[in-house]
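Here is what each chain is made of, one letter per residue.
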Amino acid sequence: MAGCYVVGSASTKEKVDLAKSKFGFDDAFNYKEEHDLGTALKRCFPEGIDIYFDNVGGGMLDEVLLHMKTSRSDCSLWNDFSV
């Protein structure tokens, strides 16, 4: 996503490090170590989220929807990786 500020969330420190070092994410956090996902999202996106890609749903999606910008926002759920 050239030109975008990209943040990832992962379940282990190793995956967080991989997102930043190999895949070029601007930032990433371990959602299992965050006590409050809302605080983590505010820290990473102080002005809100424009685009969100998700393949899990659940609590993370619920929290992200609360932090989406009201204009020009897009939220996508991926559930078929065979496409």
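Residues numbered from 1 in each chain as written. Predicted model: local features only at pLDDT ≥ 70, side-chain atom pairs only at ≥ 80, totals over all residues. Heavy atoms only, no water.

Draft legend 1. Summary view of the pattern of salt bridges. By the definition in use, this model includes three salt bridges. Of the charged contacts, one joins Asp 17 and Lys 13 as a salt bridge, the two residues approaching to 2.8 Å between their closest N and O atoms. Of this pair, Asp 17 and Lys 13 both sit in helix H1 (residues 13–21), four residues apart, roughly one helical turn. Between Arg 43 and Glu 34 there is a salt bridge, with its nearest N and O atoms 2.8 Å apart. Judged by its relative accessible area of 48%, Arg 43 falls in the partly exposed class. Under the relative-accessibility criterion, Glu 34 is labelled partly exposed at 22%. (Salt bridge = Lys/Arg side-chain N within 4 Å of Asp/Glu carboxyl O. Helix = DSSP H or I, 4+ residues; strand = E, 2+ residues; numbered from the N terminus. Buried < 20%, exposed > 50% of the residue type's maximum accessible area, 1.4 Å probe, protein only.)

Draft legend 2. The arrangement of the confidence of the model for the protein chain in detail. Chain-level statistics for the protein chain give a pLDDT mean of 86 and a share of 83% at 70 or above. No element of the protein chain has a lower mean pLDDT than strand E4 (residues 74–77), which averages 58, and none a higher one than H1, which averages 97. (pLDDT = per-residue confidence, 0-100.)

Draft legend 3. Geometry of the packing of helix H2 (residues 37–44) against helix H3 (residues 59–67). Two elements in contact, H2 and H3, have axes separated by 10 Å at closest approach and are oriented at 50°. Considering the angle they form, H2 stands oblique to H3. As H2 packs across H3, the resulting crossing turns out to be right-handed. Taking contact as the criterion, the partners of Leu 37, Gly 38, Leu 41 and Lys 42 in H2 are, on H3, Gly 59, Met 60, Glu 63, Val 64 and His 67. Counted by class, the contact of H2 with H3 contains four nonpolar, three polar and two charged residues. (Axes fitted to C-alpha atoms, helices over the stretch in contact; angles between N-to-C directions. Parallel < 35°, antiparallel > 145°, perpendicular 65-115°, else oblique. Left-handed = near helix turned anticlockwise from the far one by under 90°. Contact = heavy atoms within 4.5 Å. Nonpolar A, V, L, I, M, F, W, Y, C, P; charged D, E, K, R; others polar.)

Draft legend 4. Region of the structure containing the pairing of strand E2 (residues 27–30). For strand E1 (residues 7–10) and E2, the ladder comprises four bridges, and the chain directions are parallel. Each bridged residue has a counterpart across the sheet, and for Val 7 the counterpart in E2 is Asp 27. Running through H1, the crossover from E1 to the neighbouring parallel element E2 is right-handed. (Pairing = 2+ DSSP bridges. Right-handed = clockwise from strand over helix to strand, strands pointing away.)

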